[in-house]
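For reference, the chains in residue letters:
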Amino acid sequence: MTWRPQYRSSKFRHVFGKAATKEGCYDGVPITCSVQDNNFCAVNPRFLAVITECAGGGAFLVLPIHHTGKVDPQHPRISGHRGNVLDVKWNPFNDYCIASCSEDTTVKVWDIPPHGVLKNLTAAWKELQGHSRRVGLIEWHPTANNILFSTGYDYQVMIWNLDCPEQVIKNPVRTISHHTEVVLSMSFNTEGSLFATTCKDRKVRLIEPRSGNLLQESNCKTHKASKVLFLGNMKMLFTSGTSRYNDRQFALWDQDDLSVPLSQENLDGSSGLIFPFYDPDTHMLYLAGKGDGNMRYYEIRSEKPYIYYLTEYRSNLPQKGMGVMPKRGLDVSACEVFRFYKLVTIKSLIEPLSMIVPRRSESYQEDIYPMTAGNKPALSAEEWLSGIDKGPVLMSLKPGSQVAESYSEMSKGRGNSLDTHRSRSRPGMLQLSYIQDQVGTKDGSEDSGNAEDGRSWTPVSNGEDLALCTPPRTENELRLKFHKQQEEIRRLRELLNQRDVRVKQLELEIKNIKNSQSHQGSL
């Protein structure tokens, strides 16, 4: 019997991390000094939001995603909270809507103007008042529109329906009271019919959100969980935490049985919290330690041993938190499969970090970009509350495909009633009327008419909104734009040269075939 070495083929064995250059980072950002175990940063294809340090009240910055370089110290902020801001999250179905929670016991939802925050913003679109103590964590529902979850130091998890006319909402649609300590993290399954939590008592709980029923609760003595993630459609949970000897540790759980973990592994003896991030499209898991500079990544499989170590990204810049770009904002031409935004407090720096699959071809790689969750909700808030469950609406990342601008404009065409102030602040009519004023062409008026019909579409190239490209304001921004343009021109020229060579080869083959046919005919 011959011995065969164990070899596991994988498309992601050689994924590597590529940090942005200094010109591609956000420099001079006064990152918060809060000790809360959150990410303090939220990203979408248009904006980056980061919680900042300030005296009196709480504030956070919202920066256009492509305005990198030195950040103006006097840049306008969103400063409507009376206490420190503890968490911010973008609406997954609206790139101009962000929620924040604070030590002042409130959750606020903000409308961001299409061209960014040009002056200090203090008036929120919605204010949610229900918690009796500070609110430390918020999460949007993954498939239902305008459903928001919040939890605080009163140990309550509250579910809010934002589709109501009141500006101040005092009564949540559901309050869940199964926790005996502070909730540390929340995670939803793919269709949002279940959510899992970790608590300061180190237990993992699986809860049905609409009824509030507690389905399962772990009671493992060898693993104290801090963060939890649903692993897509694999019916497994991932938790990071510590062992009984305070070593950093992770564990995998069967969703239907939380009595004993399927697998658990010790990482090291450091004290920083482990932030887990999961990509359901590639089944890759990333582990970033708070205060660490390195990042480990793994591949998840449905069979034993379930988790396979790939490699590690190393850096000498420690991270305080991490923001993650949605898949629709990635640069597919560079084979980018994940992008982090590292908060480096010691340098007041936000550093983008791209995870790239090395490929020689510059064409679209369909095998590493399957259909992924888009920015259109599968359900309205009323449908979800009535008991309907649906998976996410999928979209393709192939260049040239159109990306829906905003669900609020589309829902107007369907007859859904929304607040008039919110409609004005959405990108449809305001953005297109702005473009019409700037350009002054007939095409602008036609586009505005299309927006009124609720079918506003905006071309997106490599995650960059072409309609929102504002002119550079500094010499550094101008130079960066120039270099990006030169690189794009160079890439297109190389592509044209390759096509010309291919055309000549085909013409030569056709000529050879004709010559051979004529020669055979003469014989």
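### Looking at the overall build of the chain
Counting secondary structure elements, the chain contains 6 helices and 37 strands. Scored against the burial criterion, the 523 residues of the chain give a buried share of 51%. Considering only contacts within the chain whose residues lie at least 6 apart along the sequence, 54% involve residues at least 24 apart. Surface summary for the chain: the accessible area is close to 25000 Å², and the carbon and sulfur share equals 50%.

### Side note on the sheet that holds strand 23 (residues 248-254)
Taken together, the 4 strands give an open sheet; going across it, the order is 21-22-23-24, and neighbouring strands pair in antiparallel fashion. The sheet terminates laterally at strand 21 (223-230) and strand 24 (263-268), the two strands that pair on one side only. On average, each strand axis in the sheet is tilted by 25 degrees relative to the strand beside it, whichever way the strands run. For strand 21 and strand 22 (residues 236-243), the ladder comprises 7 bridges, and the chain directions are antiparallel.

### What about the sheet that holds strand 25 (residues 274-279)?
Sheet strands pair via backbone hydrogen bonds, and the direction of the pair is either parallel or antiparallel. The antiparallel open sheet is built from 4 strands, whose spatial order is 25-26-27-28. Each edge of the open sheet carries a strand with a single partner, namely strand 25 and strand 28 (307-313). Pairwise comparison of adjacent strand axes, ignoring direction, gives a mean angle of 25 degrees for this sheet. Pairing analysis gives 5 bridges linking strand 26 (residues 284-289) to strand 27 (residues 295-300), with the strands arranged antiparallel. Each bridged residue has a counterpart across the sheet, and for Tyr-286 the counterpart in strand 27 is Tyr-297.

### Section: the environment of Glu-362
Looking at the secondary structure, you find Glu-362 in the loop between strand 31 (349-356) and strand 32 (372-373). The exposure class assigned to Glu-362 is partly exposed, which follows from its relative accessible area of 37%. The spatial distance from the C-alpha of Glu-362 to the C-alpha of Ala-334 is 7.2 Å, given a sequence separation of 28 residues. Excluding its chain neighbours within four sequence positions, the residues that come into contact with Glu-362 are Ser-333, Arg-491 and Glu-494.

### Considerations on the pattern of salt bridges
This structure, assessed with the given rule, holds 24 salt bridges. Across the pair Asp-389 and Arg-210 runs a salt bridge whose closest N-O atoms are separated by 2.8 Å. Here Asp-389, found in the loop between helix 1 (381-385) and strand 33 (394-395), pairs with Arg-210, found in the loop between strand 19 (204-208) and strand 20 (213-217); they are 179 residues apart in sequence, far enough to count as distant. Given the relative accessible area of 29%, Asp-389 is considered partly exposed. Of the residues examined, Arg-210 reaches a relative accessible area of 16% and is grouped as buried. Between Lys-327 and Asp-279 there is a salt bridge; the shortest N-O distance is 3.1 Å. A residue pair is termed long-range when its members are at least 10 positions apart, and Lys-327 in the loop between strand 29 (321-324) and strand 30 (336-344) and Asp-279 in strand 25 qualify at 48 residues. Taking relative accessible area as the criterion, Asp-279 reaches 1% and is therefore assigned buried.

### Some words on the pairing of strand 14 (residues 157-161)
Most of strand 14 sits out of view: 5 of its 5 residues are buried. Both faces of strand 14 are covered, namely the face carrying Val-157, Ile-159 and Asn-161 and the face carrying Met-158 and Trp-160. Sheet topology places strand 13 (residues 147-152) next to strand 14; 5 bridges connect them, and they run antiparallel. Following the sheet pairing, Phe-149 is matched in strand 14 by Ile-159. If you look at the hairpin formed by strand 13 and strand 14, you'll find 4 residues sitting between the two strands, and Tyr-155 has a positive phi there, around 70 degrees.

### Examining the environment of Val-204
Relative to the assigned elements, Val-204 resides in strand 19. Sequence spacing of Val-204 and Lys-224 is 20 residues, and the spatial spacing of their C-alpha atoms is 9.0 Å. Beyond its immediate chain neighbours, meaning those up to four positions away, Val-204 contacts Thr-197, Thr-198, Gln-216, Glu-217, Ser-218, Ala-225, Val-228, Leu-237, Thr-239 and Leu-258.

### Concerning the pairing of strand 28
Consecutive side chains along a regular strand alternate between the two faces of the sheet. Most of strand 28 is tucked away, with 5 of its 7 residues classed as buried. Pairing of strand 27 with strand 28 involves 6 bridges; the strand directions are antiparallel. Along strand 28, the bridge assignment pairs Tyr-298 with Tyr-309. Taken together, strand 27 and the strand that follows it, strand 28, pair antiparallel across an intervening segment of 6 residues, in which Tyr-306 is found at a positive phi of about 75 degrees.

### Focus: the environment of Lys-200
Along the chain, Lys-200 falls in the loop between strand 18 (195-199) and strand 19. Look past the residues within four positions of Lys-200 in its chain and what remains in contact with it is Glu-181, Val-182 and Leu-184.

### A short note on the nonpolar core
Tyr-26, Leu-48, Phe-60, Val-62, Ile-112 and Tyr-341 are the most contacted members of the largest nonpolar core, which totals 34 residues. Listing elements by their share of this core, those giving two or more residues are strand 3 (41-43), strand 4 (47-52), strand 5 (58-64), strand 8 (85-90) and strand 30. Here this core takes 5 residues from strand 4, the largest share from any one element. Among the nonpolar cores identified, the runner-up in size contains 27 residues, and Phe-340, Met-355, Tyr-369 and Met-395 belong to it.

### Points about the packing of aromatic side chains
Here the structure, examined in full by the defined rule, presents 17 aromatic pairs. Aromatic side chains Phe-149 and Trp-384 sit 6.3 Å apart centroid to centroid with 65 degrees between the ring planes, which places their arrangement in the edge-to-face category. Taken as a pair, Phe-149 in strand 13 and Trp-384 in helix 1 lie far apart in primary sequence, 235 residues in all. The buried category is assigned to Phe-149, whose relative accessible area is 0%.

So, how was this worked out
- Numbers given for residues are sequential positions, taken from 1 along each chain in its written order.
- Given that the model is predicted, a residue must reach a pLDDT of at least 70 before its local features are reported, and side-chain atom pairs must reach 80 or more before they are shown or counted; all residues, however, enter totals for whole chains, interfaces and linings.
- Side-chain figures throughout are based on the complete set of non-hydrogen atoms in the structure, without hydrogens or water.
- Helix numbers and strand numbers start at the N terminus; a helix is a DSSP run of H or I with at least 4 residues, a strand a run of E with at least 2.
- Only protein chains enter the calculation, and the probe is 1.4 Å; a residue is then buried if its accessible area is under 20% of its type maximum, exposed if over 50%, and partly exposed in between.
- Should any heavy atoms of two residues lie within 4.5 Å, those residues are considered in contact.
- Methods summary: accessible areas were calculated by the Shrake-Rupley approach with a probe of 1.4 Å, and residue burial reflects only the protein chains presented.
- When DSSP locates at least two bridges between a pair of strands, those strands are taken to pair.
- For helices, the fitted line uses only the C-alpha atoms of the stretch in contact; every axis is such a line through C-alpha atoms, and the angle between N-to-C directions lies from 0 to 180 degrees.
- Any carboxyl oxygen of Asp or Glu within 4 Å of a side-chain nitrogen of Lys or Arg constitutes a salt bridge here.
- For the purposes of this section, nonpolar cores are sets of buried Ala, Val, Leu, Ile, Met, Phe, Trp, Tyr and Cys residues that join through side-chain atoms within 4.5 Å.
- Pairing of aromatic rings covers Phe, Tyr and Trp, the last through its six-membered ring, and needs centres within 6.5 Å; plane angles under 30 degrees mean stacked, over 60 mean edge-to-face, and all others mean tilted.

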